[in-house]
Amino acid sequence: MIDDLYSARILALAANMPRAGRLAAPQGSAERVAKLCGSRITADVTLDDSGHVADFAQEVQACALGQAAAAVLGENVIGATAHEIETARDAFRAMLKEGGAPPEGRFKDLAVLMPVKDYPARHASSLLAFEAALAAVQQAKARTSGADAA
């Protein structure tokens, strides 16, 4: 059963982290920590004029499962809206906690993490990247809409 959890695909995703690091001048940044295991992810974003992710970077200090989820995010986040990230996060959470279907659309590769549903202690670290990215996008939107109002 543990072999299903740490499949070759999950390990390959974890080993090839796209968009690793930090942005020099992000519009939004957020850090999320899984208290149970200590995994930590910081996400930086910039948005284009229509509110889509224009640039993204992430600093990931997490287990292979958290890294795999962050890799799926990093591969697909450019061009995403806050709504798409939130919808994917909610579907991912439902997949893990309620036996729901995997996310659809640009983040459909999260389906590879379906075996994590059987390991509740791993849910928080698996969701971290999406939690951090969504918070960073929301912060960027608040800052840019505040600048527009000034």
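Report follows, based on the coordinates. Since the structure is predicted, the reported quantities are computational estimates derived from the model, not experimental observations.

The three strands lie next to each other as E1-E2-E3, forming an open sheet whose pairing is antiparallel. Of all strands in the sheet, those bounded by a partner on one side alone are strand E1 (28-33) and strand E3 (53-61). Within this sheet the neighbouring strands show an average axis-to-axis angle of 15 degrees, counted without direction. Bridging between E1 and strand E2 (residues 40-47) involves six bridges; their strand directions are antiparallel. Bridging from a neighbouring strand, Gly28 pairs with Val45 of E2. Along the sheet, helix H3 (residues 64-76) makes contact with E2 and E3, crossing E3 at roughly 170 degrees.

Moving on: the side chain of Ser126. Mapping Ser126 onto the fold places it in helix H5 (residues 123-149). One polar contact links the side chain of Ser126 to the main-chain carbonyl oxygen of Arg122, over a distance of 2.9 Å. Not counting residues within four places of it along the chain, the set of residues in contact with Ser126 comprises Leu65, Gly66, Ala69, Phe92, Leu96 and Val116.

Moving on to the environment of Pro102. For Pro102, the position within the fold is in the loop between helix H4 (82-98) and H5. Under the relative-accessibility criterion, Pro102 is labelled partly exposed at 27%. A sequence separation of 11 residues divides Pro102 from Leu113, and the C-alpha atoms of the two residues are 8.9 Å apart. Not counting chain neighbours up to four residues away, the residues in contact with Pro102 comprise Met95, Ala111 and Met114.

A separate point is the nonpolar core. Counting 42 residues, the largest nonpolar core has Ile85, Phe92 and Leu113 as its most contacted members. Within the residue set of this core, elements represented by two or more residues are helix H2 (8-15), E2, E3, H3, H4 and H5. With 11 residues, H5 is the single largest residue contributor to this core. Residues in contact with Leu113, not counting those within four places in the same chain, are Ile10, Leu65, Ala68, Ala69, Phe92, Met95 and Leu96.

This next bit is on the packing of aromatic side chains. Tallied over the full model, the rule gives two aromatic pairs. Ring plane angle 65 degrees and centroid distance 6.2 Å describe the contact between Phe92 and Phe130, whose orientation is recorded as edge-to-face. Linking Phe92 in helix H4 with Phe130 in helix H5, this pair joins segments that are 38 residues apart in sequence. The same class applies to Phe92 as to Phe130, namely buried. Ring geometry for Phe107 and Phe130: centres 5.2 Å apart, planes at 85 degrees, overall edge-to-face. In this pair, Phe107 sits in the loop between H4 and H5 while Phe130 sits in helix H5, placing the two residues 23 residues apart along the sequence. You'll find Phe107 and Phe130 in the same group, each marked buried. What links up through ring pairs into an aromatic cluster is the set Phe92, Phe107 and Phe130.

Thresholds, definitions, all that
- Residues numbered from 1 in each chain as written.
- Predicted model: local features only at pLDDT ≥ 70, side-chain atom pairs only at ≥ 80, totals over all residues.
- Heavy atoms only, no water.
- Pairing = 2+ DSSP bridges.
- Helix = DSSP H or I, 4+ residues; strand = E, 2+ residues; numbered from the N terminus.
- Axes fitted to C-alpha atoms, helices over the stretch in contact; angles between N-to-C directions.
- Contact = heavy atoms within 4.5 Å.
- Polar contact = N/O pair within 3.5 Å; in protein donor to acceptor, adjacent residues only side chain to side chain.
- Buried < 20%, exposed > 50% of the residue type's maximum accessible area, 1.4 Å probe, protein only.
- Core = buried A, V, L, I, M, F, W, Y, C linked by side-chain atoms within 4.5 Å.
- Phe/Tyr/Trp six-rings, centres within 6.5 Å; stacked < 30°, edge-to-face > 60°.

These figures come from the coordinates and say nothing about function on their own.
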